[in-house]
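Structural overview
In case you want the letters, here they are:
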Protein chains: 2
Amino acid sequence: MVDIDHLSKQVSATGRRGGGREARRQARAKAVPSFPTLERRIPVYEMVPDEAIERIHDASCRILEEVGIDFRDDEAAAMWTAAGADVSGYRVRIDRGLLMNLVAKVPPEFTLNARNRERNVKVGGNNSIFVPMYGAPYVRDLDNKRRYGTLADLNNFHKLAYMTPALHSTSSIICEPMEISVPKRHLHIIHSALTHSDKPFMGIVTARERAEDVMAMAAIVFGEDFVEDNPVVVSITNCNSPLVWDATMLDAMKVYARHNQPVILAPFALCGASTAASSVGAVAQVNAEALAGIAFTQLVRPGSPQLYGQFMVTVDMKSGAPMGGTPEAAQMMFLMGALARKYKLPWRTSGFHVGSKLNDAQAGYEANMLMHAAILSGANYIWHVAGWLEAGLVAGYSKFVTDGEQLVAWYKYAQGVSFDDFAEAMAAVREVGPQGHFLGTRHTLEHFESAFFMPDLMDFNSFEQWSAEGSKDLDARGREKAKAMLAAYEPPPMDEGIAEALRDFVARRERELPDSVG
Amino acid sequence: MVDIDHLSKQVSATGRRGGGREARRQARAKAVPSFPTLERRIPVYEMVPDEAIERIHDASCRILEEVGIDFRDDEAAAMWTAAGADVSGYRVRIDRGLLMNLVAKVPPEFTLNARNRERNVKVGGNNSIFVPMYGAPYVRDLDNKRRYGTLADLNNFHKLAYMTPALHSTSSIICEPMEISVPKRHLHIIHSALTHSDKPFMGIVTARERAEDVMAMAAIVFGEDFVEDNPVVVSITNCNSPLVWDATMLDAMKVYARHNQPVILAPFALCGASTAASSVGAVAQVNAEALAGIAFTQLVRPGSPQLYGQFMVTVDMKSGAPMGGTPEAAQMMFLMGALARKYKLPWRTSGFHVGSKLNDAQAGYEANMLMHAAILSGANYIWHVAGWLEAGLVAGYSKFVTDGEQLVAWYKYAQGVSFDDFAEAMAAVREVGPQGHFLGTRHTLEHFESAFFMPDLMDFNSFEQWSAEGSKDLDARGREKAKAMLAAYEPPPMDEGIAEALRDFVARRERELPDSVG
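Every residue gets a number counted from 1 within its own chain, in the order that chain's sequence is written. All chains are assigned letters beginning at A, and all ligands numbers beginning at 1, according to the order in which they are written. Where local features are concerned, this predicted model is filtered to residues with pLDDT of at least 70; where side-chain atom pairs are given and counted, the filter is 80 or more; whole-chain, interface and lining totals use all residues. Side-chain figures throughout are based on the complete set of non-hydrogen atoms in the structure, without hydrogens or water.

**Remarks on the interface of chain B and chain A**
As a reminder, the rule being used: The contact definition used throughout considers only heavy atoms, calling two residues in contact when any of these lie within 4.5 Å. By buried area we mean how much accessible surface two parts lose on assembly, using a 1.4 Å probe and totalling the loss over both. By definition, a salt bridge exists where a carboxyl oxygen of Asp or Glu is found within 4 Å of a side-chain nitrogen of Lys or Arg. N or O atoms closer than or at 3.5 Å make up a polar contact, with two conditions inside protein: a donor-capable atom paired with an acceptor-capable one, and, for residues adjacent in sequence, both atoms drawn from side chains. Note that Gly is not counted as nonpolar here; it falls among the polar residues with everything else outside the nonpolar set of Ala, Val, Leu, Ile, Met, Phe, Trp, Tyr, Cys and Pro and the charged set of Asp, Glu, Lys and Arg.
Of the residues lining the interface, 121 residues belong to chain B; the matching set on chain A comes to 120 residues. Buried surface at the junction of chain B and chain A, both sides included, amounts to about 9900 Å², of which 69% is carbon and sulfur. Ranking the residues of chain B by area buried against chain A places Tyr-365, Phe-452 and Phe-460 of chain B at the top, with a combined share of 9%. Seen at the junction of chain B and chain A, the total is 4 salt bridges. Note that Lys-357 of chain A is salt-bridged to Asp-459 of chain B, the shortest N-O span being 2.9 Å. Here chain B and chain A share 34 residue pairs in polar contact (both at pLDDT 80 or more) between them. Its residues assigned to classes, the side of chain B that touches chain A comprises 62 nonpolar, 33 polar and 26 charged.

**Focus on the nonpolar core**
The condition that has to hold: What makes a nonpolar core is a set of buried Ala, Val, Leu, Ile, Met, Phe, Trp, Tyr and Cys residues whose side-chain atoms join them at distances within 4.5 Å. Using a 1.4 Å probe on the protein chains alone, a residue whose accessible area is under 20% of its type maximum counts as buried, one over 50% counts as exposed, and one in between counts as partly exposed.
Core analysis: the biggest nonpolar cluster contains 372 residues, and Phe-130 and Tyr-308 of chain A together with Phe-130 and Tyr-308 of chain B have the highest contact counts within it. Discounting residues that sit within four places of it in the chain, Phe-130 of chain B has contacts with Leu-38, Ala-166, Leu-167, His-168, Ser-169, Met-371, Ile-375, Ile-382, Val-385, Leu-407, Trp-410 and Tyr-411 of chain B.

**Quick word on the sheet that holds strand S20 (residues 394-396) of chain A**
For sheets, the rule is that strands pair by backbone hydrogen bonds, running either parallel or antiparallel. Residue and element names in this part refer to chain A. Stated formally: Two strands pair if DSSP finds at least two bridges between them. Comment: elements are numbered from the N terminus, with helices defined as DSSP H or I runs of at least four residues and strands as E runs of at least two. Between the N-to-C directions of two axes lies an angle of 0 to 180 degrees, each axis being a line fitted to C-alpha atoms and, for a helix, fitted only over the stretch in contact.
An order of S9-S8-S20-S19 is seen for the 4 strands of this open sheet, with the pairing classed as mixed. Of all strands in the sheet, those bounded by a partner on one side alone are strand S9 (146-148) and strand S19 (388-389). Looking at chain direction, strand S8 (residues 138-140) and S20 are connected through 3 bridges and run parallel. The residue bridging Tyr-138 from the neighbouring strand is Val-394, located in S20. Across the sheet, helix H14 (residues 397-414) touches S8, S19 and S20, and the angle it forms with S20 is around 60°.

**Focus: the sheet that holds strand S20 (residues 394-396) of chain B**
All names here are of chain B. The strand order across the open sheet built from 4 strands is S9-S8-S20-S19, with neighbouring strands paired in mixed fashion. Of all strands in the sheet, those with a lone pairing partner are strand S9 (146-148) and strand S19 (388-389), marking the two edges. The sheet contacts of helix H14 (residues 397-414) involve strand S8 (138-140), S19 and S20, and relative to S20 the element is tilted by about 60°.

**Description of the pairing of strand S17 (residues 347-350) of chain A**
All names here are of chain A. The test is simple: Throughout, right-handed denotes a crossover for which the path from the first strand over the helix to the second runs clockwise when the strands point away from the viewer.
Both faces of S17 are covered, namely the face carrying Trp-347 and Thr-349 and the face carrying Arg-348 and Ser-350. Pairing geometry for strand S15 (residues 307-309) and S17, over 2 bridges, is parallel. Across the sheet, the residue bridging to Gly-309 is Arg-348, located in S17. Pairing of S17 with strand S18 (residues 381-383), which is carried by 3 bridges, proceeds in the parallel orientation. For Thr-349, the partnering residue across the bridge sits in S18 and is Ile-382. Once the chain exits S17 it traverses helix H13 (residues 361-376) before rejoining the sheet at S18, and the crossover so formed is right-handed.

Pasting the structure below:
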């Protein structure tokens, strides 16, 4: 079992100021700790029996066979025709034999490479990784103000991702750097992710040439040959539910799949609006959409690693807005997990995504309603597990570090209970006997630090102590911790030639690209 | 499936002021809605294989056979001697044959009666009930101040328990009425629980004569004959871990078991202090303690209904205080649930118990870390699911109503996903096709309100709307809702003769009992 408590304590220490320049130099010399891939040692939870999963599978197949799905791109439609699907314009009807034949080509597990190869992770099977959020135009900042995100914020979030040991990825667009024009923004996002952290990162999908720029930057860092075959970047393509894969998404899928880079094929379903008002019905539709996308990637490059996935939220009747931690969102994860296992596909879900505006009790209830399901449903790529507020409109600093600590709890949870020291524990019971206590036993002294999760941000001090420290809620403590971590940040080393080549690439593309879209 | 959304809406309406006296009279005429017993329709989660549970069982048996456990009461020791246990002073060694023989006498399921028999609930098997917290000396009040509890607070909490549809019990000492002297306090606690609500309630265990007073008051309300055989009150006896059942607890067990009233036999384990620093070791010890207590109740009255249970928290290394929603607390629930099923015992765990001082993000993360485990581990009597803050030192008004709404989510979750309208949902997909939306389909119009959990306190409005409403966090919204509910409260009807007899009993016992202990 990974001694994550020891690792956590190292990073807590990193997060505290003091000791000056020399101490910081020493901290830099020691690499920032990072958890390895989480190998789950607990069984998955099957909420429904296999027959129910087969019913959903059959319904999904019938959707693709009888209703069909749009691939709104001439090249994609032609590829489907060549593969033997029933194509009429952009409408593609795929029979289940062809579909399953293509889906079966996806490897059940792959290694996602980091520029620091000690940060490489495994995706699929019994492995899970934790990935920070993506896509917020706004931030809730270090003073708890909600405002547009900036490149400085994005740099900060990439720093925090690097310093949070339970995060396995830097993500990419944690928040949008809104001051940078859209056609050039991707350059700065990827540059920030690649330089402020050395963990795996995520791509850009908003245009074909932007995806190509991502691959060019990855080639600078990892080597041109390496990125032709080895996964280094995960990108997200959302199906336009119901049943449309549009040209932008298909372009991104083509660029990344041709480079053997995994794409998440994830319908973004607002259940009740872009799906039927039925959890099971929504899953059947989303499954059809995801499978069709996965199958398409195998037309582009058979055997390329891909991620099956979903992002399914219910819609608030009052506001029409997506909700966060609802029981249905949790239940649908279990159905999607069972389907992923049936298809032997690595799969993605979301962990701490909440509707709350604040890092308050609502956020906490929502977050752990979902994360418990993400872990027990056996998800491999557990995304949006740091920073997510307000249905993804906002990246919060306090939420980010709060989530970062909670991930340690979930990491520990998923490793299961240990019987390794059971005999010694039972010997301690004999030693202590009725009405004793265990604090002084050898077993306790040896195991206390590692036996139980000991968070730092969660407060269990006496009321008096907590009052003396300012009666701060978790949100306030989170902001303080984020400030302290950022103050202690030291960048991971990068070869100066590579750093320069990256800067040159960004500068050249900045000159080449227009300042506004269209 | 229970139409809980409809019920929830009724109570939301009850919680809002307006309409004056006539509207209130009408509200009174309609009974306050209340959910029936939750029948879980999802499988339990088995975190470890059966062999692991057998190892724990064997270790527990060896503790009771070889180390033994103290029953610090002469009558109890004599009863164990008569039953054939190996007794030396108060130390009782029980072999597994005798132990299992006694444990097998406990019914796997029983009906817990309420004074309003529509509120009767089933305890055991696939049934779960939700019970508010118990035992706080302090409250966090309607103005978010932390202060000692009063009888007025206790009355309020009993009113809120009555008005919260997903709560199946009124509990009893939600907070302590600190202004009332200890020897007389139990009279007012039970009187408040019995009059302000008509749901099942909980007993008092702090002295034999207090337990007898509880039974006398129950007899006034339910009838003397009825309470000799039919469960109407659940009481909590905590083992003094490690391995001591003290005289006070044994007295309470004797009083209640003789009346066929269920007692929760629940070691209160501070893991790492009163148990070994090992989750599995702690469970083995707590299991031994609980089984020995259960077995004792069957010496008192064979076949009496009882509740196996646990309250296991880890201890904070910094403060020595009990922690709340830790991964180990969740894991230990799964082990205890598997043991309960092995023994065919109804069992109790705790849901929303947290260490947080405030109804903040910490509380939310902690609460749902635990509740998810409570539901999936198949717990029957899910306690401390409303109000609990600060490791049980504080009953919070805002936390109480927040929890009350979250219980609706868990109720819904545990009912599983529905395939009932699957064919119609799939027909809707055909009707809508690619790039449509489902908002206007017949299926959506018919199912939208009931398909998905629609909370009231959780906010999913736009940021602008939320700002216009005062940018309130969940804690603030919870206090407002609690105030509105209390303003709208109307007591459940009670026969005037019974009400008078209860008042007379309290008055008489007030005169008889001393003002201070000793």
